[in-house]
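Residue-level listing of the chains:
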Amino acid sequence: MAVNGAVIDAVNTDMTGRLLVSDIFAGGGVIPLAAVMRGHQVYAQDLNPWAADGLSAMLGLPAPKRLQDAAATLANWVHGEVQAAYGTTLSDGTTGHVSHTFRVATSECTACRQRARMFPYALVSLLARRERGEPAAFLACPRGHLFKGDSNRRCACPECNIRTDPAEAYTPGRKIVCWNCGHIDRLEARAETWDWEVVLVERSRRGHRELAIPTNAEREAADGPQWSPTLSLGKIPDGQETRVLLRHSFEYWEQLYPNRQRVLMERLLDAVQHCSQDPAVVRAITTCVIGSAEMAGNLSRWDRYYLKSYESMAGHRFNLTTFAVEPNVWGTQNSGRGTVLRRLAQLLKAASWLNEKTGRALMVDGPVAATDTIADRTLDADVRVVEGSSERLLLPDSCVHLTLTDPPYHDDVQYSELSLPLRAWAKLADGQLIGEAVVNAATGQLADDGAYEDILARIFTETRRTLRGDGHLIFSYANRSPQAWVALFSALQRAGLRAIGCEIVHSENETDHAKRGVRACTRDLLMDLVPVGNCPIEQHRPRVDKESDEVDFLKSVSEDFLLVGNLKGDWQEEFHLRLSETSFLQNLRSRVQDEPE
């Protein structure tokens, strides 16, 4: 938010007063939030109904006291449900709750039919966070027996006496060796025989957490017949990101969730409808409950070194794992990322913070459908949220001071697919989002030559229509593909825009756990454009504090960006050749060739 805020403030020094800030790819709403906290009007649009609904709920948060009262009502109701689902006794005899339940996938060898546990690593989990320097851990031997051992040395399995190396990986490249016959299978080859077995729990009470082998009562509470969910979430469609699920026999979205998790979510969603008479309160708390579906109990990974779970879409991928962690849906006081309790606490903080920054409740219009016919598109509210393709913006001509946005990066992130589980829970549109500006080779979306450029050109042309003569379009972009940059620059020029400056900035990926060490870009090119005109401009070129192959790549990209509005001839071929010869792309190709399957 710091960069967005700085951009808005900089524009506001040139154009004083209250600005109209437009975000045409609004997503999670970081840019609209940065604008409203500074007192500006906001127009926010996104194709994804989950994003539009969430943004409308966030910016239209009611008074903190009303949210607090509703959360307390919900907590009182859920107390008995949580106790029945997760109540337990810790090893010291005190009472508490199960905060996480761990399952390992089991399957049959395709050669000898021996069923075995498929732990991904010998080191299943440390017992305390890594920074404490304590070596005690749960280890899994090659036969799948789970036992306590030392993470710093080989240990003999107490059940079969096999020496177990904590550094060993059991499913590299999604392949596994049968301990019984030595046959090597791909995990997907065993998919038809996959099952899940509860093997660990994390128990929690105030000030204390412990990992332990589950008792019979805890296993029964996790997988007993008392959990009978009723809500069907629909079939998983074929797609670029969903294919990994389909290959491993996930056919329906509900299969991502253990039955207990599904039942608790269903009951919470029902209870939320009765926790307040205020529709805005109900909508905000409903968003918290549905948001917890990110932590899908048959898909979320466990950080075995720092003892926390990760969202099942972390790193913008569906994170298939053979060792999954189911959260306590409601959550406990000292453990449980992404739980309803944690989300409610953040919701209350957000409402207080927003009220403090704005000094009043914001007037939010929407979400409105982009297809709606609005005779007068003038924006009278503080915020207008629109759901639909930004090829059509519900704004008058020449009214926007600043369009500040973060567009999709070609084919890097499949937003539509990754939001499908959340849309399923929210009972929103459950198919491919028509008009998404993302290339998807699996579905053929924008895969034809020129299709990505064409949709961007239509969106940027509509954006230019809404910009004032002195307005700016500013956005960041990153991609390793020269073709993606060619399409982007061509679309901007076709839309009647010209470049006035750019800067190389740090992206989120350097600090994102799920993206460290992979092929994600760690720098973005922040670009500033204005409508084509006769006014003289002084262009701004990137200033960099640290050279690197990626910085050199983006500096080369920036040279052609600064020609947008005046690109001539066959610039695309020379540009493509020059980028292909950069060390950044050449080293990337070498790393890809060296990576294991």
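For clarity, every value in this text was computed on a predicted model and none was experimentally measured. (Residues numbered from 1 in each chain as written. Predicted model: local features only at pLDDT ≥ 70, side-chain atom pairs only at ≥ 80, totals over all residues. Heavy atoms only, no water.)

### Side note on the side chain of Ser 107
Next, step 1: Along the chain, Ser 107 turns up in strand 4 (residues 95–108).
Next, step 2: For Ser 107, a relative accessible area of 0% puts it in the buried group.
Next, step 3: Polar side-chain contacts of Ser 107 include one of 3.2 Å to the side chain of Arg 190.
Next, step 4: Leaving out residues up to four positions away in the same chain, Ser 107 has contacts with Gln 114, Arg 115, Ala 116, Met 118, Arg 190, Thr 193 and Trp 194. (Helix = DSSP H or I, 4+ residues; strand = E, 2+ residues; numbered from the N terminus. Buried < 20%, exposed > 50% of the residue type's maximum accessible area, 1.4 Å probe, protein only. Polar contact = N/O pair within 3.5 Å; in protein donor to acceptor, adjacent residues only side chain to side chain. Contact = heavy atoms within 4.5 Å.)

### Examining the pairing of strand 19 (residues 383–387)
Next, step 1: Burial analysis of strand 19 places four of its five residues in the buried class, the great majority of the element.
Next, step 2: Sheet analysis places strand 18 (residues 364–369) next to strand 19, joined by four bridges and oriented parallel. Counterpart to Asp 365 in the pairing with strand 19 is Arg 384. (Pairing = 2+ DSSP bridges.)

### A word on the pairing of strand 21 (residues 467–477)
Next, step 1: In terms of residue burial, strand 21 counts as a mostly covered element, since eight of its eleven residues are buried.
Next, step 2: Alignment of strand 20 (residues 400–405) against strand 21, held across five bridges, turns out to be parallel. Within strand 21, the residue paired with Thr 405 across the bridge is Phe 475.
Next, step 3: Pairing analysis gives five bridges linking strand 21 to strand 23 (residues 523–531), with the strands arranged antiparallel.

### Things to note about helix 9 (residues 340–358)
An α-helix turns once per 3.6 residues; consequently, residues spaced three or four apart project the same way.
Next, step 1: Between its first and last C-alpha atoms helix 9 spans 26 Å; for 19 residues at 1.5 Å apiece the expected length is 27 Å, and the two agree.
Next, step 2: Looking at helix 9, one finds that the buried residues are Val 340, Arg 343, Leu 344, Leu 347, Ala 351, Leu 354 and Thr 358. Projection of helix 9 onto a plane perpendicular to its axis shows the buried side chains occupying an angular sector of 100°, all on one side. Of the exposed residues in helix 9, the ones pointing more than 90 degrees away from its buried face are Lys 349 and Glu 356. (Expected span 1.5 Å × (residues − 1). Arc of directions from axis to C-beta.)

### Topic: the confidence of the model for the protein chain
Next, step 1: Confidence along the protein chain averages 92 in pLDDT terms, with 95% of residues attaining 70 or more.
Next, step 2: Within the model, pLDDT remains below 50 along residues 511–519, and this stretch shows 16 contacts once partners closer than five positions in the same chain are excluded.
Next, step 3: In this model, residues 592–597 is a region of pLDDT below 50 whose contacts with residues beyond four sequence positions or in other chains number five contacts. (pLDDT = per-residue confidence, 0-100.)

### Considerations on unusual backbone geometry
Next, step 1: The linkage connecting Gly 366 with the following residue, Pro 367, adopts the cis geometry, with an omega of 5°.
Next, step 2: Looking at the element boundaries, Pro 367 is found in strand 18.
Next, step 3: Here the phi dihedral of Arg 113 falls at roughly 65°; this positive angle occurs in a residue that is not glycine.
Next, step 4: Examined against the element boundaries, Arg 113 turns out to sit in the loop between strand 4 and strand 5 (115–117).
Next, step 5: Of the residues examined, Arg 113 reaches a relative accessible area of 45% and is grouped as partly exposed.
Next, step 6: One non-glycine residue, Ser 249, adopts positive backbone phi at about 70°.
Next, step 7: Locating Ser 249 in the fold gives a position in the loop between helix 6 (243–247) and helix 7 (259–272).

### Some remarks on the nonpolar core
Next, step 1: Grouped together as the largest cluster of nonpolar side chains are 61 residues, with contacts concentrated most on Trp 253, Ile 285 and Leu 344.
Next, step 2: Those elements that place two or more of their residues in this core are helix 4 (64–86), strand 4, strand 13 (195–205), helix 6, helix 7, helix 8 (279–291), helix 9 and helix 11 (420–426).
Next, step 3: Excluding residues within four positions of it along the chain, Leu 344 makes contact with Ala 71, Leu 74, Ile 285, Cys 288 and Trp 330.
Next, step 4: Phe 25, Ala 370, Ala 437 and Phe 584 belong to the second-largest nonpolar core, a separate cluster that totals 60 residues. (Core = buried A, V, L, I, M, F, W, Y, C linked by side-chain atoms within 4.5 Å.)

### Some points on the sheet that holds strand 8 (residues 146–150)
Next, step 1: Taken together, three strands build an open sheet; the order of strands is 6-7-8 and the sheet is antiparallel. At either margin of the open sheet sits one strand with a lone partner, and together these are strand 6 (123–126) and strand 8. Neighbour-to-neighbour, the strand axes of this sheet turn through a mean angle of 30°, independent of strand direction.
Next, step 2: Pairing of strand 7 (residues 136–140) with strand 8 involves five bridges; the strand directions are antiparallel. When the bridges of strand 8 are listed, Ala 136 appears paired with Asp 150. (Axes fitted to C-alpha atoms, helices over the stretch in contact; angles between N-to-C directions.)

### A short note on the packing of aromatic side chains
Next, step 1: All told, the structure shown has 15 aromatic pairs when counted by the stated rule.
Next, step 2: Judged by centre distance (5.7 Å) and plane angle (10°), the rings of Phe 102 and Phe 323 are stacked. With Phe 102 in strand 4 and Phe 323 in strand 17 (residues 323–327), this residue pair connects regions lying 221 residues apart in the sequence.
Next, step 3: An aromatic cluster of three or more residues is present, and its members are Tyr 409, Tyr 477, Trp 485, Phe 489, Phe 561, Trp 571 and Phe 575.
Next, step 4: The ring of Tyr 305 has Arg 130 lying over it, and the distance from NZ or CZ to the ring centre is 4.1 Å.
Next, step 5: Positioned above the aromatic ring of Tyr 121, the side-chain terminus of Arg 304 is 3.8 Å from the ring centre. (Phe/Tyr/Trp six-rings, centres within 6.5 Å; stacked < 30°, edge-to-face > 60°. Lys NZ or Arg CZ within 6 Å of the ring centre and 35° of its normal.)

### Thoughts on the sheet that holds strand 19
Next, step 1: Here we have eight strands laid out as an open sheet, ordered 18-19-2-1-20-21-23-22, and mixed in their pairing. The open sheet has two edge strands with one neighbour each: strand 18 and strand 22 (497–506). Strand after strand, the sheet turns through a mean of 15° between neighbouring axes, direction not considered.
Next, step 2: Where strand 22 meets strand 23, nine bridges bridge the pair, whose relative direction is antiparallel. For Arg 498, the partnering residue across the bridge sits in strand 23 and is Val 530.
Next, step 3: Sheet strands in contact with helix 12 (residues 451–466) are strand 20, strand 21, strand 22 and strand 23, and its direction is about 145° off that of strand 21.

### Let's talk about the side chain of Thr 466
Next, step 1: Note on placement: Thr 466 falls in helix 12.
Next, step 2: Overall, Thr 466 belongs to the buried group, its relative accessible area being 0%.

### Focus on the packing of helix 13 (residues 482–494) against helix 15 (residues 571–580)
Next, step 1: Orientation of helix 13 relative to helix 15, taken along the N-to-C sense of each, is 145°, at an axis distance of 9 Å. When the axes of helix 13 and helix 15 are compared, the crossing they make is right-handed. Taken together, the residues of helix 15 that come into contact with helix 13 (itself represented by Pro 482, Gln 483, Trp 485, Val 486, Phe 489 and Ser 490) are Trp 571, Gln 572, Phe 575, His 576, Leu 579 and Ser 580.
Next, step 2: Considered class by class, the residues forming the contact of helix 13 with helix 15 number seven nonpolar, five polar and no charged. (Left-handed = near helix turned anticlockwise from the far one by under 90°. Nonpolar A, V, L, I, M, F, W, Y, C, P; charged D, E, K, R; others polar.)

### Things to note about the pattern of salt bridges
Next, step 1: Inspection of the entire model under this criterion finds 39 salt bridges.
Next, step 2: Asp 382 is the partner of Arg 18 in a salt bridge, and the nearest nitrogen-oxygen pair spans 2.8 Å. Placement of Arg 18 in the loop between helix 1 (2–14) and strand 1 (20–23) and of Asp 382 in the loop between strand 18 and strand 19 is noted, with a sequence separation of 364 residues between them.
Next, step 3: Judged by its relative accessible area of 42%, Arg 18 falls in the partly exposed class.
Next, step 4: Residue classification places Asp 382 among the buried positions, given a relative accessible area of 7%.
Next, step 5: Ionic pairing is found between Glu 503 and Arg 543, a salt bridge with its closest N-O pair at 3.4 Å. Note that Glu 503 is positioned in strand 22 and Arg 543 in the loop between strand 23 and helix 14 (549–561), a separation of 40 residues in sequence.
Next, step 6: What makes Glu 503 buried here is its relative accessible area of 13%.
Next, step 7: In this structure, a network of salt bridges that share partners links the residues Arg 103, Asp 223, Arg 260 and Glu 326. (Salt bridge = Lys/Arg side-chain N within 4 Å of Asp/Glu carboxyl O.)

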